[in-house]
Structure formats: C-alpha cells, structure tokens
Number of protein chains: 2
Amino acid sequence: MLDSIPSFTRLVAELAKFPGVGRKTAARLAYFVLRQPEADADALAEAIREVKKNIRFCSVCFHLTEDDPCPLCTDPGRDERVICVVEQPQDLLAIERTHSFRGRYHVLHGALSPLDGIGPEQIRVAELLARLKSGQVEELLVATNFSVEGDATALYLAGLVKPLGVRITRLAHGIPTGSDLEFVDDATVFRAVEGRREL
Amino acid sequence: MLDSIPSFTRLVAELAKFPGVGRKTAARLAYFVLRQPEADADALAEAIREVKKNIRFCSVCFHLTEDDPCPLCTDPGRDERVICVVEQPQDLLAIERTHSFRGRYHVLHGALSPLDGIGPEQIRVAELLARLKSGQVEELLVATNFSVEGDATALYLAGLVKPLGVRITRLAHGIPTGSDLEFVDDATVFRAVEGRREL
C-alpha cells in the first residue's frame with residue numbers, strides 16, 4: 001500500500017537513517033512533516049541544506065564554524081597557553097555553557113577505539129601535536145569522556161605530550177552534584193575516594 | 001557560543017519541532033546531518049520538499065495519496081459495501097499490512113476530544129456520512145483506537161449511522177496474540193471475558 005505514495009516512502013527511508021530513529025519513528029516524523037504548513041517544511045529542508053553549505057571545521061581547533069579560523073581561536077580574550085581537548089563539538093559546547101574555561105580548544109572528532117578501527121590517524125591527534133610543538137602551550141586539559149575509549153585516548157595523549165614539557169591535566173572524576181552517595185555507581189565512588197582533596 | 005554558527009542553531013531549532021524531539025536530540029540529529037555526505041543531506045532535504053509537493057489527501061477517503069482518488073478508492077477488487085473508518089493514515093496502513101480487510105476506508109484525521117476542542121466538525125465525519133448516504137454501503141467497521149477518544153468517536157458514529165440502516169461493527173477487543181493472561185491489564189481481561197465467543 002505504501003508503494004502508492006513513493007515520496008512518503010522515500011522520506012521515511014531518509015529519516016530512518018538518523019541515529020536512534022527506526023522505521024516507526026521515521027513514519028511518525030514523516031507524518032508530522034506532512035501535517036506541517038508548507039513554509040515550515042521548506043524551512044526545515046532549507047536548514048538542512050544551509051548547514052551543509054555554511055558549516056566547516058575550523059582549521060586550527062576543528063570545531064564547527066562558519067568562519068575559519070573560528071571565533072574561539074581568534075578571540076584575543078582567551079588564554080593561548082591552555083588547550084582543552086575534547087572528543088566532539090558537543091563536548092566543547094558543554095564546557096562553554098559552564099563558562100569554566102577561558103583557554104583554547106581542540107576537537108579530536110573521536111576517541112581511540114582499536115576494535116572499531118579508530119587509531120591516532122583517524123582522529124585529529126597529529127594536528128594537536130603540531131599546535132603543542134609551536135611552543136606557546138603550557139597546559140593540555142584532557143576532557144575526553146570517562147569511557148574506555150576516552151580513558152585510552154587520555155593515556156595515549158599523556159604519553160605523547162609529557163616529553164614536550166607540556167603539563168597535562170584531566171577533568172576531575174567524582175560524585176556529580178546533587179547525587180546521593182547511596183545511588184552512585186561503585187566505579188565513581190572508587191574514583192572519588194581515590195581523588196579526594198584537602199578541605 | 002552556538003551563536004557563532006547560526007545555520008547550525010537554525011537546524012537544531014527546526015528539528016526540535018518534531019514531536020518527541022527535544023533540544024538535545026535535535027542537536028544530535030543535526031550533528032548527524034553535518035557528518036553525512038552532502039548528497040545524503042540533499043536527499044533528505046529533497047524528500048521533505050517532495051512529500052509536501054506530491055502528497056495530498058484523497059478526496060473520497062482522505063488517505064494520503066499522490067493521485068486523487070487514491071488507489072484504494074479506485075481498486076475494482078475492493079468491496080464497496082464495507083467501509084472501515086480509522087483515525088489516522090497510520091492506522092489504515094496497520095490494517096492493510098495484515099491483508100485482513102478488502103473493503104474501502106475512511107480516514108477521520110482525529111478522534112472526538114472535547115477537552116482539546118476537537119468536535120465532529122474538526123474531523124472528517126460529514127464526509128463519511130455523505131458516503132454512507134450514497135446508499136451502497138452496508139457495513140461500517142469502526143477501527144478507531146481503544147482509547148477514551150476512540151471509544152467516544154465509535155459511540156458517536158454508532159448514534160449517527162444506525163438510523164441510516166447501515167450495520168456498524170467494531171474491531172474485537174481482547175487479549176493480544178502471544179500474551180500471558182497473568183500480565184495483561186485488567187481492563188483488557190474484563191473486555192475479553194465480556195466479549196467471549198463460542199468455540
């Protein structure tokens with residue numbers, strides 16, 4: 001029956017390519033597009049095209065940007081001596097939202113994961129090393145995720161960076177704000193005890 | 001920070017209009033679009049535009065179609081004497097997938113819900129009545145959902161249709177295939193006992 005409405009079938013197939021969107025969800029989204037006013041559907045189609053056309057990666061830090069180098073890399077108010085390295089642009093945005101960091105960034109676009117065939121050549125490690133070797137950088141703050149891949153990447157970077165005489169730090173690991181100790185997972189409690197600080 | 005990449009912000013805002021898609025999911029989908037090859041993003045944008053351009057509602061049954069009247073309404077192999085009335089096009093497709101029904105359809109595009117301001121004028125009831133009054137129809141199979149709104153719509157239709165001398169039936173209510181009685185909700189068990197059939 002769906003064969004009689006090929007443009008609908010095609011839209012469902014395209015939407016089902018999204019991560020975490022199966023065939024049923026895709027159909028629900030497609031019905032929503034159908035019910036939207038034409039102007040709204042056009043705006044969505046246009047936004048998809050624009051994003052591909054306008055957004056590139058910053059040639060310095062590899063964050064998303066419309067201007068190259070990106071505003072974060074050209075902002076004179078940011079400290080050139082500290083680089084925060086993250087896995088994905090989303091991670092950078094999460095840190096920026098907190099206004100807790102005023103240095104530069106470097107986006108790896110991934111983390112080491114040998115089982116998935118992702119080695120140092122598949123992520124932006126060489127470009128990071130080149131920046132560190134320029135000599136201005138005094139500290140590298142590793143903000144990769146606290147997953148097996150993020151941990152592996154942090155360790156790998158530490159091995160590369162220490163010989164350059166650059167200080168290497170990592171985000172604190174511990175109990176999140178607002179948590180009940182009782183319900184926090186064991187690995188987190190273990191790391192929180194291990195990383196305890198003087199009051 | 002997101003302000004420096006307006007086309008990205010715009011795409012996130014457009015995607016967040018989808019039902020069940022919040023700001024974080026929209027950002028995840030937008031990153032996916034960014035990472036797709038340009039051809040894939042174009043295909044998605046094109047599919048959205050095409051669906052709005054090509055798909056209309058059948059003027060007879062109000063199902064989605066590219067040709068009016070739709071293939072279901074013009075298929076000579078389908079029985080004109082039975083109309084199955086559903087709330088949404090998705091419901092029609094769910095029935096078609098089972099090949100259990102070979103009559104015509106009528107899509108209401110909603111169900112009665114006075115609290116949401118949806119009365120008979122907001123859904124395709126008048127058009128259904130006009131079809132029934134044409135005289136060919138002998139049975140109306142009500143396949144609205146088994147929700148408060150679907151039940152109300154079924155009752156309302158029964159009141160309208162009985163005076164026309166048209167037989168009105170509803171999908172059987174009962175235990176779904178593969179269920180353990182123990183885990184089926186009470187309302188379903190109640191209706192299954194009430195609707196028991198001779199073996």
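My aim in this report is to walk through the structure given alongside it, one point at a time. Just so it is clear, the structure is predicted and the values come from calculations on it, not from any experiment.

To continue, consider the sheet that holds strand β4 (residues 103-107) of chain A. All names here are of chain A. The parallel open sheet is built from four strands, whose spatial order is β4-β3-β5-β6. Among the strands making up the open sheet, the edge pair consists of β4 and β6 (167-170). When strand polarity is set aside, the average angle formed by the axes of neighbouring strands in this sheet is 25 degrees. Strand direction decides the pairing type here: strand β3 (residues 79-86) and β4, joined by five bridges, are parallel. Residue Ile83 lies in a different strand from β4, and its bridge partner there is Arg104. Across the sheet, helix α5 (residues 89-98) lies against β3 and β4, angled at about 160 degrees from β4, the strand it touches most.

When chain B is fitted to chain A, the residual RMSD is 0.1 Å, and the transformation amounts to a turn of 180 degrees plus an axial shift of 0.0 Å. Taken together, the rotation and translation relating the two chain copies correspond to the operation of a two-fold axis. Of the C-alpha atoms belonging to chain B, the one lying closest to the rotation axis is found on B:Ala45, 2.1 Å away. Same-surface contact between copies: 100% of interface residues of chain B are shared with the interface of chain A.

Any two packed helices are characterised by the angle at which their axes cross and by the distance between the axes. Where helix α3 (residues 38-54) of chain A contacts helix α2 (residues 23-35) of chain B, the axes come no closer than 9 Å and their chain directions differ by 55 degrees. In terms of orientation, α3(A) lies oblique with respect to α2(B). For the crossing formed where α3(A) meets α2(B), the hand is right-handed. For the pair formed by α3(A) and α2(B), the contact residues are A:Ile48, A:Val51 and A:Lys52 on the first element and B:Val33, B:Leu34 and B:Arg35 on the second.

On the secondary structure map, B:Thr65 appears in strand β2 (residues 64-65). Setting aside residues up to four positions removed in sequence, B:Thr65 forms contacts with A:Ile5, B:Asn54, B:Ile55, B:Arg56, B:Phe57, B:Cys58, B:Cys70 and B:Pro71.

Our focus in this paragraph is the packing of helix α1 (residues 6-15) of chain A against helix α2 (residues 23-35) of chain A. All names here are of chain A. It is at 8 Å that the axes of α1 and α2 come closest, and there the two elements cross at 125 degrees. As judged from the angle between their axes, α1 and α2 are oblique. α2 is crossed by α1, and the crossing has right-handed handedness. Here α1 contributes Phe8, Leu11, Val12 and Leu15 to the contact with α2, which in turn contributes Arg23, Ala26, Ala27, Leu29, Ala30, Tyr31, Val33 and Leu34. Counted by class, the contact of α1 with α2 contains eleven nonpolar, no polar and one charged residues.

The end-to-end C-alpha separation of helix α3 (residues 38-54) of chain B is 24 Å, in line with the 24 Å expected for 17 residues at 1.5 Å each. Within α3(B), burial applies to B:Ala41, B:Leu44, B:Ala45, B:Ala47, B:Ile48, B:Glu50, B:Val51 and B:Lys52. Buried residues along α3(B) sit in contact with α1, α2 and α3 of chain A together with α2 of chain B.

Parameters and conventions
- Residues numbered from 1 in each chain as written.
- Chains lettered and ligands numbered in written order.
- Predicted model: local features only at pLDDT ≥ 70, side-chain atom pairs only at ≥ 80, totals over all residues.
- Heavy atoms only, no water.
- Pairing = 2+ DSSP bridges.
- Helix = DSSP H or I, 4+ residues; strand = E, 2+ residues; numbered from the N terminus.
- Axes fitted to C-alpha atoms, helices over the stretch in contact; angles between N-to-C directions.
- Contact = heavy atoms within 4.5 Å.
- Least-squares fit on C-alpha atoms with pLDDT ≥ 70 in both.
- Parallel < 35°, antiparallel > 145°, perpendicular 65-115°, else oblique.
- Left-handed = near helix turned anticlockwise from the far one by under 90°.
- Nonpolar A, V, L, I, M, F, W, Y, C, P; charged D, E, K, R; others polar.
- Expected span 1.5 Å × (residues − 1).
- Buried < 20%, exposed > 50% of the residue type's maximum accessible area, 1.4 Å probe, protein only.

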